[in-house]
Amino acid sequence: MNSTDGENTMEKEEDNYTKDGTVDYRGNPANKKKTGTWKACPYILGTECCERLAYYGMSSNLVLYFKHRLNQQSATASKNQSDWSGTCYITPLIGAFIADSYLGRYWTIACFSIIYIFGMTLLTLSASVPGLRPACVTKEDCHPTHTQSAVTFLALYLIALGTGGIKPCVSSYGADQFDDADEAEKKHKSSFFNWFYFSINIGGLIASSVLVWVQDNVGWNWGFGIPTVTMALAVASFFSGTRLYRNQKPGGSPLTRICQVIVASVRKCHVKVPEDKSLLYETADAESAIKGSRKLDHTKDLSFFDKAAVAVESNDKKSSKDPWSLCTVTQVEELKAIVRLLPIWATGIIFAAVYNQMGNFFVLQGERMDTRLGHTSFHIPPASLGIFDTLSVIFWVPIYDRIIVPFARKFTGHKNGLTQLQRMGIGLVISIFTMLSAGILELVRLRIVKKHNYYNYKEMPMSIFWQVPQYFLIGCAEVFTFIGQLEFFYEQAPDAMRSLSSALSLTTNALGNYLSSLLVTIVTSISTKNGKLGWIPDNLNYGHLDYFFWLLAIMSVLNLGVYLFIAKWYTYKRPVGTLR
């Protein structure tokens, strides 16, 4: 674990750093007692809670903002929401690369937060200031100019860039506060990921209840303004804990190290790897040559890349080793670890596409149902049913952490009860039932519409609360799959690539959104041939949204089968001296 008393004191403690960038606690053990662990985590959890409140408060209702204020059709609004949401999960690759290579996680979060706040401010102005705000005859009859639409999307994509520096770093930064070499601290790390996700959903709970109602009933200026203020609070919370944080030094460009292994392997493709793997090149020092990284034991699979660590005669003649010709075993194992993660990563894409429906077609489905609260005149914003997803997560996180883990531990003997792979697999199973629930509801809804000729009703007489099961199920699936992913991609990543690995896990959300957008495009193109209205017309009462849900359910079943095959053969990384 790499630690200081805070980012602002790093220079003073430079002498305490070992060659890999970690603090030598034997020389200054007081540093360890003053920083990190749960003392630092409340500030990080507070930051995440406020940032997610801002993000979900702005994004949960976005598909309806596109539809009613930017005058877009249902399919177009859905596609634009998916594309933007997907971009929010691609930009973390940029933030992660900068964090791991140059700035470290602390300064990356700080710098990108400024971009985030600027984007939120511009979005608020686009919904508030005359000239930037679309002109509306009624609440749902607006006529935006091209410039007004452009300003809105400029703001949204600035937010997407800003979130790219926060998403991949905050969870890893929180986990950095626990020392892998300390058995007591290591046990708390798994719990941190559970409570980290819990804090996300506390923010989401307020966003999907209060802020969605404000947007629908008070105005979008307040609906976007409040998240902007909340984001400012997130930044304040983060800086408040500065002196308590443990900070890991950036280890240099991980992409460069990966390319060096690939190039060295290809250049020596005809070289034979020795049977005695102790002959492979590694530094003689106790620490790895890579800043912020422990040494990694050699693993047998992906043996082609071992060629990069074979010292040949031309290498031995050089006084200094050329990293493009000869790499350490640890550097080779870094690449192997990332390659092993990719198949698991790929299986998360379908799950992310299912999850994306909560802020997309679940909302459009709910818009066509009876949104009244009982027999009152109060109407529930369709997007606010996301609160049941949040409540589900808030319900399941402590159940999992305090009941399921201890219970499972008795049978499996594993310190976390279930392995990360087992946990993710259970979530994939639950996601199948989510799509089945949504599809059955839509099938029943359309039958009622047909039977009573409710086609042109804005809201057909079927309570929106029938959507609760599908929201509750997706929340349960999140607790297993998304939290499992957070922990898995952190633990299995090389030490100096943890931000990049976290960003990699987030890209499954991006590709899930893009997949959803692609499926909508394909389905719309095929189903509207010969003048047909298709599966997803502007008035869903004339469509077959249930077919789309069935399609995702089938894809989820196939994805689960692939996942089980991959998980069976996965090889865990083996850091030298790590507590297992």
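Residues numbered from 1 in each chain as written. Predicted model: local features only at pLDDT ≥ 70, side-chain atom pairs only at ≥ 80, totals over all residues. Heavy atoms only, no water.

Asker: When you look at the overall build of the protein in this model, what are you seeing that I'm missing?
Answerer: Secondary structure summary: the protein contains 18 helices and two strands in total. Buried residues in the protein amount to 61% of all 580 residues. In the protein, once contacts between residues fewer than 6 apart in sequence are set aside, the share between residues at least 24 apart is 83%. Working note: accessible area of the protein is about 23400 Å², and carbon and sulfur atoms make up 65% of it. (Helix = DSSP H or I, 4+ residues; strand = E, 2+ residues; numbered from the N terminus. Buried < 20%, exposed > 50% of the residue type's maximum accessible area, 1.4 Å probe, protein only. Contact = heavy atoms within 4.5 Å. Areas by Shrake-Rupley, 256 points an atom, 1.4 Å probe, with all protein chains shown as cover.)

Asker: Even after reading the chapter, I still don't get helix α9 (residues 220–240), so can you show me in this structure?
Answerer: Residues separated by three or four positions in an α-helix point in the same direction, a consequence of the helix having 3.6 residues per turn. Between the first and last C-alpha of α9 there are 31 Å, a value that for 21 residues agrees with the 30 Å anticipated at 1.5 Å per step. By the burial criterion, the buried members of α9 are W220, G223, F224, G225, P227, T228, T230, M231, A234, V235, S237 and F238. (Expected span 1.5 Å × (residues − 1).)

Asker: Teacher, can you tell me more about the packing of helix α2 (residues 37–59) against helix α5 (residues 92–126) here?
Answerer: The description of two helices packed together rests on the angle between their axes and the distance between the axes. Relative orientation of the contacting elements α2 and α5 amounts to 35 degrees, with a least axis distance of 12 Å. Handedness of the crossing formed by α2 with α5: left-handed. Along its contact with α2, which presents E51, R52, A54, Y55 and M58, the element α5 presents Y116, M120 and L123. For the contact of α2 with α5, the class distribution of residues is six nonpolar, no polar and two charged. (Axes fitted to C-alpha atoms, helices over the stretch in contact; angles between N-to-C directions. Left-handed = near helix turned anticlockwise from the far one by under 90°. Nonpolar A, V, L, I, M, F, W, Y, C, P; charged D, E, K, R; others polar.)

Asker: What should I look at first to understand the confidence of the model for the protein in this one?
Answerer: Low pLDDT marks regions whose predicted coordinates should not be analysed in detail. Looking at the protein as a whole, the pLDDT averages 82, with 89% of positions reaching at least 70. Mean pLDDT across the elements of the protein ranges from a minimum in helix α11 (residues 313–316), with 58, to a maximum in helix α18 (residues 545–568), with 94. Segment residues 1–29: pLDDT under 50, and 84 contacts once partners within four positions in sequence are set aside and those in other chains are kept. (pLDDT = per-residue confidence, 0-100.)

Asker: Is there a simple way to explain the environment of G165 in this structure?
Answerer: Mapped onto the fold, G165 is located in the loop between α6 (146–164) and α7 (167–175). Accessibility expressed as a relative area gives 0% for G165, which makes it buried. In the structure, G165 is positioned 52 residues away from S113 in sequence and 7.5 Å away in space, judged by C-alpha atoms. Setting aside residues no more than four positions away along its own chain, G165 makes contact with G95, T108, I109 and F112.

Asker: Help me understand the environment of A236, please; the structure alone is not making it clear to me.
Answerer: Tracing the chain through its elements places A236 in helix α9. Along the sequence, A236 and T47 sit 189 residues apart, while their C-alpha atoms lie 8.0 Å from each other.

Asker: Quick question: what am I supposed to make of the state of the cysteines here?
Answerer: As used in these notes, a disulfide is a covalent bond between sulfur atoms, one from each of two cysteines. Applying the stated rule across the entire model yields one disulfide. Cysteine C50 is unpaired, with the sulfur of C49 as its nearest cysteine sulfur at 5.4 Å. (Disulfide = S-S within 2.5 Å.)

Asker: Which parts of the structure should I look at to understand the pairing of strand β1 (residues 135–138)?
Answerer: As a general feature of sheets, a regular strand has side chains that alternate between the two faces. Across three bridges, β1 lies against strand β2 (residues 141–143) in antiparallel orientation. Pairing of A135 across the sheet is with H143, part of β2. Between β1 and β2, which pair antiparallel in sequence order, lie two residues. (Pairing = 2+ DSSP bridges.)

Asker: For this particular structure, what's the right way to read the side chain of T347?
Answerer: With respect to the element layout, T347 can be found in helix α12 (residues 329–356). Aside from chain neighbours lying at most four places away, what touches T347 is L428, N559, V562, Y563 and I566.

Asker: Which parts of the structure should I look at to understand the environment of A175?
Answerer: As for its placement among the helices and strands, A175 is situated in helix α7. On the accessibility criterion, A175 (0% relative accessible area) is buried. In this structure the C-alpha to C-alpha distance between A175 and F193, which are 18 residues apart in sequence, comes to 7.7 Å.

Asker: What's the story with helix α15 (residues 420–452) in this structure? I'm lost.
Answerer: Between its first and last C-alpha, α15 extends 49 Å over 33 residues, near the 48 Å set by a 1.5 Å rise per residue. One or two steps after α15, the chain reaches N453, where phi turns positive at roughly 55 degrees.

Asker: What should I look at first to understand the pattern of salt bridges in this one?
Answerer: Opposite charge on two side chains permits pairing when their charged atoms draw close. Under the criterion given, the structure shown has 14 salt bridges. We note a salt bridge from E334 to R257, for which the minimum N-O separation is 2.9 Å. Here E334, found in helix α12, pairs with R257, found in helix α10 (residues 254–267); they are 77 residues apart in sequence, far enough to count as distant. The pair E334 / R257 is uniform in exposure class, with both members buried. Connected via shared salt-bridge partners are D301, D306, E333, K336 and R340. (Salt bridge = Lys/Arg side-chain N within 4 Å of Asp/Glu carboxyl O.)

Asker: Please explain the nonpolar core as it appears in this structure.
Answerer: Generally speaking, a soluble globular protein has its nonpolar side chains buried in company with each other. Judged by nonpolar contacts, the single largest core of 142 residues is most densely connected at M58, W84 and F548. Among the elements that make up this core, the one with the highest residue count is α12 (13 residues). The residues contacting F548, other than those within four sequence positions of it, are Q357, F361, S516, L519, V520, V523, W535 and I536. (Core = buried A, V, L, I, M, F, W, Y, C linked by side-chain atoms within 4.5 Å.)

Asker: Would you take a moment to explain the side chain of H68 for this structure?
Answerer: With respect to the helices, strands and loops of the structure, H68 is situated in helix α3 (residues 62–68). With residues up to four places along the chain from it excluded, the contact list for H68 reads K139, E140, C142 and E367.

Asker: I would appreciate a short explanation of unusual backbone geometry in the present structure.
Answerer: Peptide bonds are mostly trans, and most non-glycine residues show a negative phi. Positive phi outside glycine occurs at N71, with the angle close to 60 degrees. The topology assignment puts N71 in the loop between α3 and α4 (74–88). Despite not being glycine, N453 has its phi angle at roughly 55 degrees, a positive value. The residue N453 is located in the loop between α15 and α16 (468–491) in this model.

Asker: Would you mind going over the packing of aromatic side chains with me for this structure?
Answerer: Describing an aromatic ring pair means giving the distance of the ring centres and the angle of the ring planes. Inspection of every chain in the model, using the stated rule, returns 38 aromatic pairs. Between W38 and F178 the ring centres are 5.3 Å apart and the planes differ by 70 degrees, which places this aromatic pair in the edge-to-face class. Separated by 140 residues along the polypeptide, W38 in helix α2 and F178 in the loop between α7 and α8 (183–217) bring together distant segments of the chain. Judged by its relative accessible area of 30%, W38 falls in the partly exposed class. Residue classification places F178 among the buried positions, given a relative accessible area of 1%. Ring geometry for Y55 and W84: centres 5.7 Å apart, planes at 15 degrees, overall stacked. In this pair, Y55 is assigned in helix α2 and W84 in helix α4, connecting sequence segments 29 residues apart. Accessibility classification places Y55 together with W84 in one group, the buried group. In this structure an aromatic cluster arises from ring pairing among W38, F178, F192, F193, F196 and Y490. Positioned above the aromatic ring of Y56, the side-chain terminus of R52 is 5.3 Å from the ring centre. (Phe/Tyr/Trp six-rings, centres within 6.5 Å; stacked < 30°, edge-to-face > 60°. Lys NZ or Arg CZ within 6 Å of the ring centre and 35° of its normal.)

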